[in-house]
Amino acid sequence: MEKTNENKQSPDTSANGVMTLKRLTKKFGDNVVLDGIDLAIDKGKTTVVIGPSGCGKTVLIKHLVALLRPSSGEVYFKNRRIDNLSVDELNKVRMHFGFLFQGGALFDSFNVSENIMFPIKQHYKITDWAQADELVKAKLAMVGLDGYQHFYPAKLSGGQRKRVALARAIALNPEIILYDEPTTGLDPIRADVINELILKLQRELSVTTVVVTHDMTSAYKIADRIIMLHNGKIIADGDADHIRNHPHPSVQQFINGQVNEDDLAVLRASTTFSQAQFLPRDFEE
Ligand SMILES: Nc1ncnc2c1ncn2[C@@H]1O[C@H](COP(=O)(O)OP(=O)(O)O)[C@@H](O)[C@H]1O
Ligand SMILES: [Mg+2]
């Protein structure tokens, strides 16, 4: 059975909606990136936001932690409105979130352990250093990197750096973990390690997970629910089967990696252009 949330009249603000967006609109100048989004994120589930580059996925999740403020509309965390909070109040709310953002780099001059301690030190005065070491060890064990405490980021692979960033994201035992393109730039095997970690953390920590990606292999593997953004709106919302069978042509184009007619026209034109620059076959070699 396919499951869909489409055609619901209003977002579910009941106990299950841990985060809620109400009529969220975000404009940059004339560019309307999000156009009246209504969305309730289910507690304890993994929600994946998909869509082509530039469609507003990052802008959407930045609103969930109020790193961006809406042009209009509201953002709620557990029925508390957060989009209008002061920076100090927001810092307290953000303790409940772990985020792994695109380019969310580690501090190069800090070793792995110091990187993971960073968010903890921001919020707590550490008196018991042995306990702090234990905590770092436990977080690293969760991502399979216990023993790497004294490594500097430059000595780690791209996949390992992502995993350390993940250990840092869970340092404060967040209720919600947000990931922006966690598998981008990784080869398929390392990408799958990240998928497995996302699943493991969701299971073991019972967190609510929101992942932004354009990697459909990853989306199908980890999602309880997939949402597709297109032209500032949610055009598809349901489980993996619902998305696979979705009738909207933009959904099919996106999940099958097809280019649309406008892009094709550009490609055809540029092929003619570039062919003219090659030597005729007879002249090769
Ligand atoms: N700080 C900003 N100022 C102006 N425009 C922005 C800003 N951040 C994002 N945008 C625009 O918003 C749109 C969506 O961007 P983004 O959310 O990063 O897309 P993606 O889906 O690839 O994550 C793009 O057109 C981008 O240029
Ligand atoms: Mg993005």
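Residues numbered from 1 in each chain as written. Chains lettered and ligands numbered in written order. Predicted model: local features only at pLDDT ≥ 70, side-chain atom pairs only at ≥ 80, totals over all residues.

## A short note on the overall build of the protein chain
What the protein chain contains, in helices and strands, is 10 helices and 10 strands. Here the analysis covers contacts within the protein chain between residues at least 6 apart in sequence; of these, 65% occur between residues at least 24 apart. (Helix = DSSP H or I, 4+ residues; strand = E, 2+ residues; numbered from the N terminus. Contact = placed C-beta atoms within 7 Å.)

## A short note on the sheet that holds strand 1 (residues 17-28)
Judged by pairing direction, the sheet is antiparallel, and its 4 strands sit side by side in the order 2-1-4-5 without closing on themselves. The open sheet terminates on both sides in strands that have one partner only, identified here as strand 2 (31-42) and strand 5 (80-81). Where strand 1 lies against strand 4 (residues 72-77), 5 bridges are found, and the strand directions are antiparallel. Bridge pairing links Leu 21 to Val 75 in strand 4. Running over the sheet, helix 1 (residues 57-64) touches strand 1, strand 2 and strand 4 and is turned about 125° from strand 1. (Pairing = 2+ DSSP bridges. Axes fitted to C-alpha atoms, helices over the stretch in contact; angles between N-to-C directions.)

## Considering the nonpolar core
Here is a general trend for soluble globular proteins: nonpolar side chains tend to be buried in one another's company. Counting residues in each nonpolar core, the largest one holds 63 residues, and the members touching the most others are Val 49, Leu 178, Ile 226 and Met 228. Of the residues forming this core, the biggest block, 6 residues, is contributed by strand 2. Shared between two domains, this core takes at least three residues from each, and those domains are domain 1 (1-96 + 174-276) and domain 2 (105-172). Leaving out residues up to four positions away in the same chain, Met 228 has contacts with Ile 50, Gly 51, Ile 234, Ile 235, Ala 236, Ile 243, Val 251 and Phe 254. (Core = buried A, V, L, I, M, F, W, Y, C linked by C-beta atoms within 7 Å. Buried ≥ 20, exposed ≤ 12 C-beta atoms within 10 Å, placed from the backbone. Domains from an automatic or database assignment.)

## Concerning helix 5 (residues 158-169)
Here helix 5 is 12 residues long and its end C-alpha atoms lie 16 Å apart, about the 16 Å a rise of 1.5 Å per residue gives. Among all positions in helix 5, only Lys 162, Arg 163, Val 164, Ala 165, Leu 166, Ala 167, Arg 168 and Ala 169 are buried. The secondary structure elements touched by the buried residues of helix 5 are strand 6 (97-100), helix 3 (112-123), helix 4 (129-142), strand 7 (176-180) and helix 6 (188-205). (Expected span 1.5 Å × (residues − 1).)

## Regarding the pairing of strand 9 (residues 225-230)
With 5 of its 6 residues buried, strand 9 lies for the most part within the structure. In terms of strand pairing, strand 3 (residues 46-50) meets strand 9 through 4 bridges, oriented parallel. Residue pairing in the sheet places Ile 50 in a bridge with Met 228 of strand 9. The pairing of strand 9 with strand 10 (residues 233-238) spans 5 bridges and is classified as antiparallel. For Met 228, the partnering residue across the bridge sits in strand 10 and is Ala 236. The turn linking strand 9 back onto strand 10 is made up of 2 residues, and Asn 231 within it adopts a positive phi angle of 50°.

## A few points about the sheet that holds strand 7
The strand order 6-7-8-3-9-10 describes an open sheet built from 6 strands, whose pairing is mixed. Whereas interior strands pair on both sides, the edge strands pair on one side only; in this sheet they are strand 6 and strand 10. Put simply, the sheet's adjacent strands are angled 15° from each other on average, direction ignored. Set on the sheet, helix 1 makes contact with strand 3, strand 7, strand 8 (208-212) and strand 9; between it and strand 8 the angle comes to about 155°.

It is worth stressing that arrangement in space is one thing and function is another; only the former is reported here.
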